[in-house]
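Notes for the structure review
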Amino acid sequence: MQIDQYSEYDNPLIWPMISILQHQPNGWMIHTLSEELKQQGIWSKLDDDPDKDLFKRNFLLMNALYQLQEMLLPKQWLQAHAMDICLMPNMHSADNTIDIDDPLRSYYLDWANYNADSDTIKSLLSSFWRRYQDHIGHQEAEISIANARPEDLALFELPIDATPQQIRKQWRKLALRWHPDRPTGDAIKFRAICEAWQRLQ
């Protein structure tokens, strides 16, 4: 996929994503949608730097979602939350309106941000991990943190007396290794380490 010149509807993911969402309107998260596009052979390498490649994929996905949100109105409403993406009939409720002042929407619709520098990307990826942890955290509330710690550290390939700094460093390494958007990615392993990290903090 070559992204060289941009215009309002230049994003090459728009039409494949319409097809995917019409076939299966709900149950998507940003990384599962990305994985589906990969399975369909639509993704290719966007950057030699792994962090930048991941960022650019995420940027194109969010940009396409926000563009589609406008394109599908007034007949359909596309919920464009990274952790909850779904297409539904537009019921004209107060919740189904585009927030033109949403800073996240403004960011992803500005093509100048597609070529963000490394420091900006690291900051945004950290923010994504935090949001992902918040999303999954409530699902494991019944697990005893004390009892789970040895298993979580074993999953992180760390000793039982690992320091917070060691845990944080290993978390970032494993999250990047197993993220579903990466060539070596694995959605199941990615979720497992995210849940372990949530408990270990």
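Attention shifts here to the confidence of the model for the chain. Summing up the model confidence of the chain, the mean pLDDT is 79 and the portion of residues at 70 or higher is 83%. Overall, residues 1-9 carries pLDDT values under 50, and its contacts beyond four positions in sequence, including any with other chains, amount to 20 contacts. Scored below 50 in pLDDT, residues 138-145 makes seven contacts in the model with residues more than four places away or belonging to other chains.

So, about the packing of helix α7 (residues 164-178) against helix α8 (residues 187-200). Interhelical geometry of α7 versus α8 gives an angle of 160 degrees and a closest axis separation of 9 Å. The angle between the axes of α7 and α8 places the two elements in the roughly antiparallel class. Crossing angle aside, the handedness with which α7 passes α8 is left-handed. Contacts from I167, R168, W171, L174, A175 and W178 of α7 reach α8 at A187, K189, F190, I193, C194, W197 and L200. Considering only residue class, the contact of α7 with α8 consists of eleven nonpolar, no polar and two charged.

Attention now moves to unusual backbone geometry. In this model, L73 is joined to P74 through a cis peptide bond whose omega is 5 degrees. By the secondary structure assignment, P74 is in the loop between α3 (50-72) and β1 (76-81). One non-glycine residue, E157, lies in the positive phi region at around 60 degrees. In this structure, E157 sits in the loop between α6 (145-155) and α7.

Criteria and thresholds
- Residues numbered from 1 in each chain as written.
- Predicted model: local features only at pLDDT ≥ 70, side-chain atom pairs only at ≥ 80, totals over all residues.
- Heavy atoms only, no water.
- pLDDT = per-residue confidence, 0-100.
- Contact = heavy atoms within 4.5 Å.
- Axes fitted to C-alpha atoms, helices over the stretch in contact; angles between N-to-C directions.
- Helix = DSSP H or I, 4+ residues; strand = E, 2+ residues; numbered from the N terminus.
- Parallel < 35°, antiparallel > 145°, perpendicular 65-115°, else oblique.
- Left-handed = near helix turned anticlockwise from the far one by under 90°.
- Nonpolar A, V, L, I, M, F, W, Y, C, P; charged D, E, K, R; others polar.

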